[in-house]
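One letter stands for each residue in the lines below.
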Amino acid sequence: MSATNITHVITLDKLGKDDVEKVGGKNASLGEMIGHLSELGVSVPGGFATTSDAFNQFLTETGLLNKINDELNRLDVNDVVKLAETGKKIRGWIIEQELPQDLEAAIRKQFEIMSGGDDIAVAVRSSATAEDLPDASFAGQQETYLNIRGIDNVLIAIKEAFSSLYNDRAISYRVHQGFEHAGVALSAGVQRMVRSETGAAGVMFTLDTESGFDEVVFITSSYGLGEMVVQGAVNPDEFYLSKALLAEGRPAVVRRNLGSKHRKMIYGDEGSTAKSVREVDVDKKERNQFSLTTDELTELAKQALVIEKHYGQPMDIEWAKDGDTGEIFIVQARPETVKSREDRNVMESYTISSANAKIVCEGRSIGQRIGAGKVRVVNDLSEMDKVEDGDVLVSDMTDPDWEPVMKRASAIITNRGGRTCHAAIIARELGVPAIVGCGNATELLTDGMAVTASCAEGDTGFIYEGILDFGMHSNSIDAMPEIGFKIMMNVANPDRAFTFAQIPNEGIGLARLEFIINRMIGVHPKALLNMNTLPREITQAINERIAGYASPVDFYVDKLVEGISTLAVAFRDKPVIVRMSDFKSNEYANLIGGKLYEPSEENPMLGFRGASRYVSDNFRDCFELECRALKRVRNEMGLTNVKIMIPFVRTTEEARQVVELLEKNGLKRGENSLELIMMCELPTNALLADEFLQYFDGFSIGSNDLTQLTLGLDRDSGIVSHLFDERDPAVKKLLTMAIQECRKQGKYVGICGQGPSDHPDLASWLMEQGIDSVSLNPDSVLDTWFFVSDVTPEHQK
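Computed from a predicted model, the values in this text were never measured in an experiment. (Residues numbered from 1 in each chain as written. Predicted model: local features only at pLDDT ≥ 70, side-chain atom pairs only at ≥ 80, totals over all residues. Heavy atoms only, no water.)

### Looking at the overall build of the chain
Link 1 in the chain: A tally of regular secondary structure across the chain gives 30 helices and 30 strands.
Link 2 in the chain: What you see for the chain is a C-alpha radius of gyration of 29 Å, in line with the 28 Å of a compact globule of 797 residues.
Link 3 in the chain: Structurally, the chain occupies a C-alpha span of about 95 × 50 × 50 Å along its principal axes.
Link 4 in the chain: Looking at the chain as a whole, 61% of its 797 residues are labelled buried.
Link 5 in the chain: Look at the contacts in the chain between residues 6 or more apart in sequence, and 71% of them connect residues 24 or more apart. (Helix = DSSP H or I, 4+ residues; strand = E, 2+ residues; numbered from the N terminus. Rg over C-alpha atoms; globule rule 2.2 N^0.38 Å. Buried < 20%, exposed > 50% of the residue type's maximum accessible area, 1.4 Å probe, protein only. Contact = heavy atoms within 4.5 Å.)

Below you can see the structure in the form of structure tokens.
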């Protein structure tokens, strides 16, 4: 094509998703959204893009094309030192050259039309023709320049964008993905800036980035320009919203995590690429607040769903909120290319032996794998060659330029960064476990130190001292055999709910509220109810925990709502049986402020716990907070798959009192389909099953307590632990009584104790007795399922 016939620039509103070859994936996507989604509520700033033809003309007319290709053909990208030298040389060649006159004239003309003669700020974004494809993310491979002002600075930024096609990471990534260098061109998008320096910005995915669970929108957010989040230079706020609840118009936020947000990027003093932005500290008051309101989160998530529906696949979206007007804009959207491509019929899980291991530091987990090796602290790009195969790469933050060395690492640890930054995306793509946002990992971890990095334990990733034993298990779940009862799961940790939901199951048979209290709250409810009377040091510790929430009590209730609703959304169309808190007094005492309110008991296992605690005068107000949370989850959020379970009910009088107390707090049995389940875990519960069942809709058998109380054992005592066996004849007799009475009354009966997880033969025996469901620990579901299938009579399948 001759230069006279080249289209040099195209306005974004004239582009669509089929124009990737013309303007690259990023700019084609912006045009697609402007043209098709604006009327559906998706706001995208306007602008224009240079074309791939214009880029190729630039390289050809200047003689750079052959020069660059000759240089790259001689390069071994695994030689990171040579890679850095070559990339720097090529980028220098491009920046030194003048743009062709006709290309420069077209850019000047279009910028004049766009600005209307005003001094506007624009973003200049790189968009490669092999970028943002469904099977290759190219995340962060090229550069973005923000707050560029004046046409001369725009022209410079466009040349720098052109040169970024030859960033070290981009060169290496193309080779590893099988793309020819000469077959990739670059388009520069010039787009009106969103003034998020006074607002907030971030990234959102239309699935959970760690598990691939696709019924939520995952949003990260921090103050200022979005590059801080994208680059991994800040620990952002994190939010999850349920797609189903958004569609129903109900409260949809199921999780909030407050990020540190220590710094933000704002406009610089000049509009040149060198000084267009600068970083400043964020005020402590702002750091201790969430950067988005519930209404803003809802608006963002709705835009994400419109985009996902239009493209027909999970999406990775960058957004910005104008702090002056409050408007929210979409500035990029591309296909998600890691989790959406995984085989959902293969379950891969990692387990680790960490019981007595020392935790050196912790952060946000990326992926769900485990890696171990010797620490290699890297301060900047010049030290990349220090990292050898199998090392644990430790740095303040990583840059996508580090991709060539990231693939060598067994794990990646950083001080800064969130789960949606480019480095995190690349780590997932490479299959390397990463723990980001640790704060001070580079101080705590030293060169040569042996560590194990575990991302297999939930949202929090742990770095353990030493090389620990860990294993990986892989199972195919595409054709699970039929069995004679339902297998449910015991799920204690909401962090892992989205992962566990993908294991074959019939719901949650036991969700422990005390685990949510311990893990997500950490404060005794009495202390939150009595903040004005607490010692200063306890008040200070609590204030650090409750940052971002309206009041101490709101923090407690909101966190319970988050934990419960996360479980309920993960298992939306299946029952989720939530057991009210069952801490013993010594366990409650370990919470912040707990020692001020808990009695000292000789045997807490048999003391102030369960129903006795709920109906007592000095704990009733705490129990009412639990009720408030469950009422919100069921009645306001509409998650009526949640059932309530009451533990450790000693007498039928206690049963009556608890049921009345629940009703008093808006949780009436039978209303709004509410079912009440009782833990059958005392011998008296089985012996008087017919009487207890008058107050409840069924039993969930707690085999742990039932066994120890039947056999007179302390299950925590190593001296008599060899006698603890749920298959003891006396225990089995009580199990039979409970099951038979439930079946006689036509009520639910399941088991949620440890027994069936440890002994698959017990699960088979329970099936023979006619139990409705067996609730297992997630790691034993598949093994037990296959074991029971082998012994299930054909007529029961």
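More follows now that the structure is in view.
### Concerning the sheet that holds strand E3 (residues 121-128)
Link 1 in the chain: Taking strand neighbours across the sheet as the criterion, the five strands line up as E1-E2-E5-E3-E4 in an open arrangement whose pairing is antiparallel. Across the chains shown, the open sheet's two edge strands, defined by having one partner strand only, are strand E1 (9-11) and strand E4 (144-149). On average, each strand axis in the sheet is tilted by 25° relative to the strand beside it, whichever way the strands run.
Link 2 in the chain: Against the sheet, helix H1 (residues 20-37) makes contact with E1, strand E2 (47-50), E3 and strand E5 (186-192), and its axis sits at roughly 130° relative to E3, the strand it touches most.
Link 3 in the chain: Contacts from helix H6 (residues 151-163) reach E2, E3, E4 and E5, with the element oriented near 170° to E4. (Pairing = 2+ DSSP bridges. Axes fitted to C-alpha atoms, helices over the stretch in contact; angles between N-to-C directions.)

### Digging into the environment of isoleucine 113
Link 1 in the chain: Assignment of secondary structure puts isoleucine 113 in helix H5 (residues 101-115).
Link 2 in the chain: Relative accessible area serves as the criterion here: at 56%, isoleucine 113 is assigned to the exposed category.
Link 3 in the chain: For the pair isoleucine 113 and glycine 47, spaced 66 residues apart in sequence, the C-alpha to C-alpha distance is 10.0 Å.

### Structural notes on the pattern of salt bridges
Oppositely charged side chains can pair when the atoms bearing their charge come close.
Link 1 in the chain: If you walk through the whole model with that rule in mind, you get 48 salt bridges.
Link 2 in the chain: In this structure, arginine 419 and aspartate 459 form a salt bridge, with 3.4 Å as the shortest nitrogen-oxygen distance. One end of the pair, arginine 419, is in the loop between strand E18 (411-414) and helix H13 (422-430); the other, aspartate 459, is in the loop between strand E20 (450-454) and strand E21 (460-465), with 40 residues separating them in the sequence.
Link 3 in the chain: On the basis of relative accessible area, arginine 419 is assigned to the buried category, the value being 1%.
Link 4 in the chain: A salt bridge links aspartate 725 to arginine 727, with the shortest nitrogen-to-oxygen separation between them at 3.0 Å.
Link 5 in the chain: Given the relative accessible area of 23%, aspartate 725 is considered partly exposed. (Salt bridge = Lys/Arg side-chain N within 4 Å of Asp/Glu carboxyl O.)

### Regarding the confidence of the model for the chain
Link 1 in the chain: Scored by pLDDT, the chain comes out at a mean of 91, with 97% of its residues at no less than 70.
Link 2 in the chain: Segment residues 132-138: pLDDT under 50, and 31 contacts once partners within four positions in sequence are set aside and those in other chains are kept.
Link 3 in the chain: Here residues 792-797 is a poorly scored stretch, pLDDT under 50, and it has 10 contacts once near neighbours within four places are set aside; other chains count. (pLDDT = per-residue confidence, 0-100.)

### Let's talk about the packing of aromatic side chains
Link 1 in the chain: A full pass over the atoms with the stated rule returns 12 aromatic pairs.
Link 2 in the chain: The interplanar angle of 70° and the centroid separation of 5.5 Å between the aromatic rings of tyrosine 549 and phenylalanine 555 together place this pair among those described as edge-to-face. We note that tyrosine 549, like phenylalanine 555, is buried.
Link 3 in the chain: Site record: aromatic cluster; members linked through ring pairs are Phe213, Phe218, Tyr240 and Phe498.
Link 4 in the chain: Above the face of the phenylalanine 619 ring, arginine 613 is positioned so that its terminal group lies 4.9 Å from the ring centre. (Phe/Tyr/Trp six-rings, centres within 6.5 Å; stacked < 30°, edge-to-face > 60°. Lys NZ or Arg CZ within 6 Å of the ring centre and 35° of its normal.)

### Points about the pairing of strand E16 (residues 370-377)
Within a regular strand, the side chains alternate between the two sheet faces.
Link 1 in the chain: Here E16 lies mainly inside the structure; six of its eight residues are buried.
Link 2 in the chain: Where E16 and E20 come together, five bridges link them in antiparallel fashion. Note that in E20 the partner of lysine 374 across the bridge is alanine 450.

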